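Report on the structure
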Amino acid sequence: MSVSYPLVQCLADGEFHSGEVLGENLGVTRAAIWKQVQALKVSGLDVFSVPGKGYCLSQPLELLEKSLICERLSQIAPPFDGVIDILNVVDSTSNYLRRICAHKSTECFHVCFAEYQTSGRGRRGRIWVSPYGSNLCFSLHHKMNRSPDSLGGLSLAVGVAILRVLQSAKIPDLGLKWPNDIYHKGEKLAGALIELTGEMDGSTEMIIGIGLNLCMSDSAADSIDQPWTDLSACRERPGRNRLASDLIESIVSVLTCYEQDGLAPFVQEWEENDIYSGLSVCLQLHDQSVTGIACGIDQYGAIKLNIDGKLNHYHVGDISLRAVQ
């Protein structure tokens, strides 16, 4: 799908712009502007069209700017040593990194953001819905000197990294749902999808995809098939560029720590923010479901359930967790 970035730049202020003026500024006809607006609507943006006034987004957009992200990252210690790409439209940021980082020997971090993904994915094969330029969708590629079988708890550590950024931004009522979802007021706010590829030398290449809901349009929300929330009601939330840089810093810091010490440094913090701690939950496994009391996680990232007085451990995989009503 083609989305005109110059048109988005013109409309990003949230004000009305006439089709005639937009056409003059972009060097195209009014008919071409109309077609480009339809593409914006397909991307999940709510665009108003009013005769005599022109086109207007339902709310202003803060587009991602590499210079702003890098400027903030340059102020941290140690400074970020990696590559950052910002794309207009892509199938998915994880697919993009998989293509360009194939057989990449360096351990340098490579991060890719996109204003819009045509095939963004979540866990269990779900589509990750995100309107153009409204939320944060990005992926990070890294090569870690650990074997894949030692990374069972990595997704939990990444969840802690995301949570830390949101807590620092004074977002209230946050929590973690096993294995790596971030919840806000009892509904899903963000999540991570991690893909690992083991190497012969014992190292592991990873692509970590992150989705964070900041401001979901009404048209996009209609296609989401599970309880969700965004940060649109949080008046003091940071802008997209600041959150982008802070998330990079936090995730890189957590990955560096995990490479040295594994999940152990994050277990207590994860359990302190576990939304299901002490509650009755149901785990949907491949071919069965089990019910028990959630008792936190072990050092490998497995969830612990008390079932009839016996503590059982269930590892990360194609498992669905929900509270028992």
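Here goes a summary of the coordinates provided. (Residues numbered from 1 in each chain as written. Predicted model: local features only at pLDDT ≥ 70, side-chain atom pairs only at ≥ 80, totals over all residues. Heavy atoms only, no water.)

1. With respect to unusual backbone geometry
Across the junction of W178 and P179, the peptide omega takes the value 0°, indicating a cis bond. With respect to the helices and strands, the residue P179 is situated in the loop between β6 (174–177) and β7 (181–184). Positive phi is not limited to glycine here, since K185 has a value of about 55°. On the secondary structure map, K185 appears in the loop between β7 and β8 (187–198). (Helix = DSSP H or I, 4+ residues; strand = E, 2+ residues; numbered from the N terminus.)

2. Side note on the nonpolar core
Note that soluble globular proteins tend to have their nonpolar side chains buried in a common cluster. Grouped together as the largest cluster of nonpolar side chains are 64 residues, with contacts concentrated most on F113 and L283. For this core, the element with the highest residue contribution is helix α6 (residues 154–168), accounting for 10 residues. When residues no more than four places from it in sequence are discounted, the contact partners of L283 are W178, Q288, S289, V290, I303, L305, Y314, I319, S320 and L321. V47, Y55, L57 and Y116 belong to the second largest nonpolar core, which has 18 residues in total. (Core = buried A, V, L, I, M, F, W, Y, C linked by side-chain atoms within 4.5 Å. Buried < 20%, exposed > 50% of the residue type's maximum accessible area, 1.4 Å probe, protein only. Contact = heavy atoms within 4.5 Å.)

3. A few points about the sheet that holds strand β4 (residues 109–117)
The strand order β3-β4-β5-β9-β8-β7-β6 describes an open sheet built from 7 strands, whose pairing is mixed. The open sheet is flanked by β3 (82–90) and β6, the only strands paired with a single partner. Sheet twist, expressed as the mean angle between neighbouring strand axes with direction ignored, is 20°. Lying over the sheet, helix α8 (residues 240–261) contacts β3, β4, β5 (136–144) and β9 (204–212), oriented at roughly 25° with respect to β5. (Pairing = 2+ DSSP bridges. Axes fitted to C-alpha atoms, helices over the stretch in contact; angles between N-to-C directions.)

4. Considering α6
The end-to-end C-alpha distance of α6 is 21 Å, a good match for the 21 Å that 15 residues give at a rise of 1.5 Å each. In terms of burial, α6 is largely enclosed, as 12 of its 15 residues are buried. Among the residues of α6, those classed as buried are L154, S155, L156, A157, V158, G159, V160, A161, I162, L163, V165 and L166. With its phi angle positive at about 65°, K170 sits one or two positions after the end of α6. (Expected span 1.5 Å × (residues − 1).)

5. A closer look at the side chain of S43
Within the element layout of this structure, S43 appears in the loop between α3 (30–42) and β1 (47–50). Among the residues examined, S43 registers a relative accessible area of 1% and is labelled buried. Here the side chain of S43 touches L40 through a polar contact of 2.6 Å, landing on its backbone oxygen. (Polar contact = N/O pair within 3.5 Å; in protein donor to acceptor, adjacent residues only side chain to side chain.)

6. Considerations on the environment of E259
Inspection of the secondary structure assignment puts E259 in helix α8. Exposure remark for E259: the relative accessible area of 19% places this residue in the buried category. The spacing of E259 and M144 is 115 residues in sequence and 6.7 Å in space, taken between C-alpha atoms. If sequence neighbours within four positions are ignored, E259 has contacts with H142, M144, N145 and R146. Within the structure, the side chain of E259 is placed 2.8 Å from the backbone nitrogen of N145, a separation counted as a polar contact.

7. Notes on the pairing of strand β11 (residues 289–297)
Judged from the 5 bridges that link them, strand β10 (residues 280–284) and β11 form a sheet pairing that is antiparallel. Following the sheet pairing, Q284 is matched in β11 by S289. Here β10 folds back onto β11, and the loop between the two strands holds 4 residues. The antiparallel pairing of β11 with strand β12 (residues 303–307) creates a hairpin that spans 5 residues between the two strands, and G301 there sits at a positive phi of about 95°.

8. Digging into the sheet that holds strand β13 (residues 310–314)
As summarised here, the arrangement of the 5 strands in space is β13-β12-β11-β10-β14, forming an open sheet in which the pairing is antiparallel. Only two strands of the sheet have a single neighbouring strand rather than two, namely β13 and β14 (320–323). Here the average twist between neighbouring strands, direction ignored, is 45°.

9. Let's talk about α8
For α8, spanning 22 residues, the distance from its first C-alpha to its last is 31 Å, which sits close to the expected 32 Å at 1.5 Å a residue. A positive phi of about 70° marks G262, the residue just after α8.

10. Some words on the pattern of salt bridges
Following the criterion strictly, the structure yields 7 salt bridges and no others. Close ionic contact of R98 with E195 constitutes a salt bridge, the shortest N to O distance being 2.4 Å. With a gap of 97 residues between them, R98 in helix α5 (residues 93–100) and E195 in strand β8 connect regions that are remote in the sequence. Overall, the relative accessible area of 34% leaves R98 in the partly exposed class. A salt bridge links R164 to E269, with the nearest nitrogen and oxygen atoms 2.7 Å apart. Linking R164 in helix α6 with E269 in helix α9 (residues 267–272), this pair joins segments that are 105 residues apart in sequence. Three or more residues joined by partner-sharing salt bridges are found here, namely R72, R242 and D246. (Salt bridge = Lys/Arg side-chain N within 4 Å of Asp/Glu carboxyl O.)

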